[in-house]
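Topology and contacts: notes
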Amino acid sequence: MSKHCANKHADRIVKPGKTIGLLGGGQLGRMIALAGRAMGYRFVTLDPTPDSPGGQVSDRQIVAAFDDIRGAEQLAQACDLITYEFENVDAAVAEVLESTSFVPQGSRLLSITQNRITEKSTIQSLGIPVAPFRVIASQEELQEAAVELGLPCVMKTATGGYDGKGQRVLRDESELAGAFAALSQPGVQLIVEKYIPFVKELSVIAARSASGEWSTFPVAENIHRENILHMSIVPARISPQVTRRAEQIAGEIAEKLDVVGLIAVEMFLTADDQLYVNELAPRPHNSGHYSMDACVTSQFEQHLRAVCNLPLGSVKLLSPVVMVNLLGDDVEKVAEKLEQLPPACKLHLYGKHESKPKRKMGHINVLADTVEDALSIIDELGIWEKMEG
Ligand code: ATP
Ligand code: MG
């Protein structure tokens, strides 16, 4: 942990007993509220779905759309501090919240991370490598970008993408026209990135408070399936040098962007040990769920400590751990095997009413003496296809 330049709210502390407003009542909001209630805070959640995962564990839920100004006003009036669980916060809503309540995270980071173009340009301007990219507005420009960057490359919508939605890997020139037609829509910018032949995907979550104190959680090694996070393995199976560099990159981003709260930094590691930052998320992240059971302080508690300007907690890893996501009917499959779960498996469910294919319903943190043991425990459950390699 270290201290550095402090921001304008350096002396403003929001103490336990105060009420925190959560914009978004999904699983991230729920886990923020669960951690915060243990710390003595009260919560009001705003979410359009009644009895949302976050609403269920809050003192109160305001049922309103995320772009509903009146709902935002109600939330701001009811709370001493506002935080959010997603980055696509409507600009007008952010303005209302900032003018009526206290939003320590501010809106600058939101506007940077809402758009892949500003996000990548900002990271690049800090001297941190990202995949080379081009902004394109027509099929001709896509063709030019594909020549300059080489195939394969990845075309993505600049805004609104998640879990691999709004993106295509382009492997052959014959695919360009079709892919452009599929992704282009009025008012949505497109970006083309060089395909990074990564050997691993990593992420580091950094926390920073207004006082300037910051720290980084242990590096997670992330395995995706069909573009959705399947597992996070901690400690990541990488060299100490790469570990240090990954943590350093996340810390540098947190400091230089004057982050208050959490910032999750997704990275690609190549065979020659280069790291490229892929994406930022200014909030708790799926790849940090392992911290709930394996670290002294969870990412959710750390987020609250950071935004409330309390001292940050220890991020010490207490045990090797593998987090596995429960998507769709994985939950029922796990429910059938509850007796088979070793005692060091911690099951977290999000209270979602409806299970849909690929919907994140919960996760399991498997603690074991080694990550290999944790991976074998997951394999033995027989719910997921075995990991190759
Ligand atoms: P999420 O919200 O789940 O993080 P997303 O839809 O925002 O995903 P990205 O994180 O940009 O999108 O990409 C999803 C996945 O696609 C990455 O985790 C990676 O596996 C692959 N991918 C994306 N960009 C590249 C690239 N330039 N080179 C190689 N693989 C890539
Ligand atoms: Mg991503």
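Note that the coordinates shown come from a computational prediction; the quantities given were computed from them, not determined experimentally. (Residues numbered from 1 in each chain as written. Chains lettered and ligands numbered in written order. Predicted model: local features only at pLDDT ≥ 70, side-chain atom pairs only at ≥ 80, totals over all residues. Heavy atoms only, no water.)

Here's the deal with empty space enclosed by the protein
If you walk through the whole model with that rule in mind, you get two cavities of 30 Å³ or more. One number sums up the size of the largest cavity: a volume of about 50 Å³. Every residue along the wall of the largest cavity is listed here: Y84, V89, A94, L97, E98, V103, G106, S107 and L110. Looking at the lining of the largest cavity element by element, the count peaks at three residues for helix α4 (residues 91–100). Looking at the lining of the largest cavity residue by residue, the class counts come to six nonpolar, two polar and one charged. In this structure, the second largest cavity encloses a volume near 30 Å³. (1 Å grid on protein atoms, 1.4 Å probe; cavity = no way out; pocket = protein on both sides within 12 Å on 5 of 7 lines; lining within 4 Å. Points joined across faces, edges and corners; volume = space filled by probe spheres on them. Helix = DSSP H or I, 4+ residues; strand = E, 2+ residues; numbered from the N terminus. Nonpolar A, V, L, I, M, F, W, Y, C, P; charged D, E, K, R; others polar.)

Notes on the site of ligand 1
Around ligand 1, 21 residues are found, and the nearest of them are K156, G164, I196, E201 and E279. Here R116 contributes a side-chain N or O atom positioned 3.0 Å from an oxygen atom of ligand 1. Taken by itself ligand 1 offers 610 Å² of open surface, and the protein chains cover 91% of this. Only β6 (153–157), β8 (190–194), β9 (198–208), β13 (261–270) and β14 (275–281) provide two or more residues apiece to the shell around ligand 1. Considered class by class, the residues forming the shell around ligand 1 number six nonpolar, six polar and nine charged. Residue assignment places the shell around ligand 1 across two domains, with domain 2 (132–194) and domain 3 (198–381) each supplying three or more. (Near = heavy atom within 4 Å. Polar contact = N/O pair within 3.5 Å; in protein donor to acceptor, adjacent residues only side chain to side chain. Areas by Shrake-Rupley, 256 points an atom, 1.4 Å probe, with all protein chains shown as cover. Domains from an automatic or database assignment.)

Quick word on the coordination of the magnesium ion (ligand 2)
Taken together, the protein ligands of the magnesium ion (ligand 2) are E266 (OE) and E279 (OE), with distances of 2.1 to 2.2 Å. Here E266 is found in strand β13, whereas its partner E279 is found in strand β14, with 13 residues between them in sequence. (Donors = N, O, S within 2.8 Å, 3.2 Å for Na, K, Ca; no water.)

Some points on the sheet that holds strand β3 (residues 60–63)
Across the sheet, which stays open at both edges, the four strands sit in the order β3-β2-β1-β4 with parallel pairing between neighbours. Single-partner strands in this sheet number two, and they are β3 and β4 (81–84). Strand-to-strand twist across the sheet, computed as the mean angle between neighbouring axes with direction ignored, equals 25°. Here five bridges tie strand β1 (residues 19–23) to strand β2 (residues 42–47), and the two strands are oriented parallel to one another. For I20, the partnering residue across the bridge sits in β2 and is F43. In the packing of helix α11 (residues 299–308) onto the sheet, the strands contacted are β1, β2 and β4, and the crossing angle to β4 comes to about 140°. (Pairing = 2+ DSSP bridges. Axes fitted to C-alpha atoms, helices over the stretch in contact; angles between N-to-C directions. Contact = heavy atoms within 4.5 Å.)

Observations regarding the domain arrangement of the protein chain
Here the protein chain is described as being made up of domain 1 (2–112), domain 2 (132–194) and domain 3 (198–381). Distance from the C-alpha centre of domain 2 to the C-alpha centre of domain 3: 29 Å. Counting from both sides, the interface comprises four residues of domain 2 and, opposite them, four residues of domain 3. Summed over both sides, the interface between domain 2 and domain 3 buries roughly 350 Å², with carbon and sulfur atoms accounting for 35% of that surface. A per-residue breakdown of the area domain 2 buries against domain 3 is headed by K156, D163 and G164, which together make up 73% of the total. With a closest N to O distance of 3.5 Å, K360 and D163 form a salt bridge. Split by residue class, the side of domain 2 that touches domain 3 holds no nonpolar, one polar and three charged. (Buried area = accessible area lost by both parts, 1.4 Å probe. Salt bridge = Lys/Arg side-chain N within 4 Å of Asp/Glu carboxyl O.)

Notes on the environment of E266
In this structure E266 comes out as buried when scored by relative accessible area, which is 16%. C-alpha separation for the pair E266 and V277, spaced 11 residues apart in sequence, amounts to 5.9 Å. E266 has contacts with L202, S203, Y276, V277, N278, E279 and H285, leaving out every residue within four places of it along the chain. Here H285 takes part through its side chain, which lies 3.0 Å from a polar atom of the side chain of E266. (Buried < 20%, exposed > 50% of the residue type's maximum accessible area, 1.4 Å probe, protein only.)

Some details on the packing of helix α1 (residues 27–38) against α11
One can describe the packing of α1 onto α11 by two numbers: an axis separation of 8 Å at closest approach and a directional angle of 75°. As the angle between them shows, α1 and α11 are arranged roughly perpendicular. Residues L28, M31, I32, A35 and G36 of α1 form the contact with α11, whose own contacting residues are F300, E301, H303 and L304. Partitioning the contact of α1 with α11 into residue classes produces six nonpolar, two polar and one charged. (Parallel < 35°, antiparallel > 145°, perpendicular 65-115°, else oblique.)

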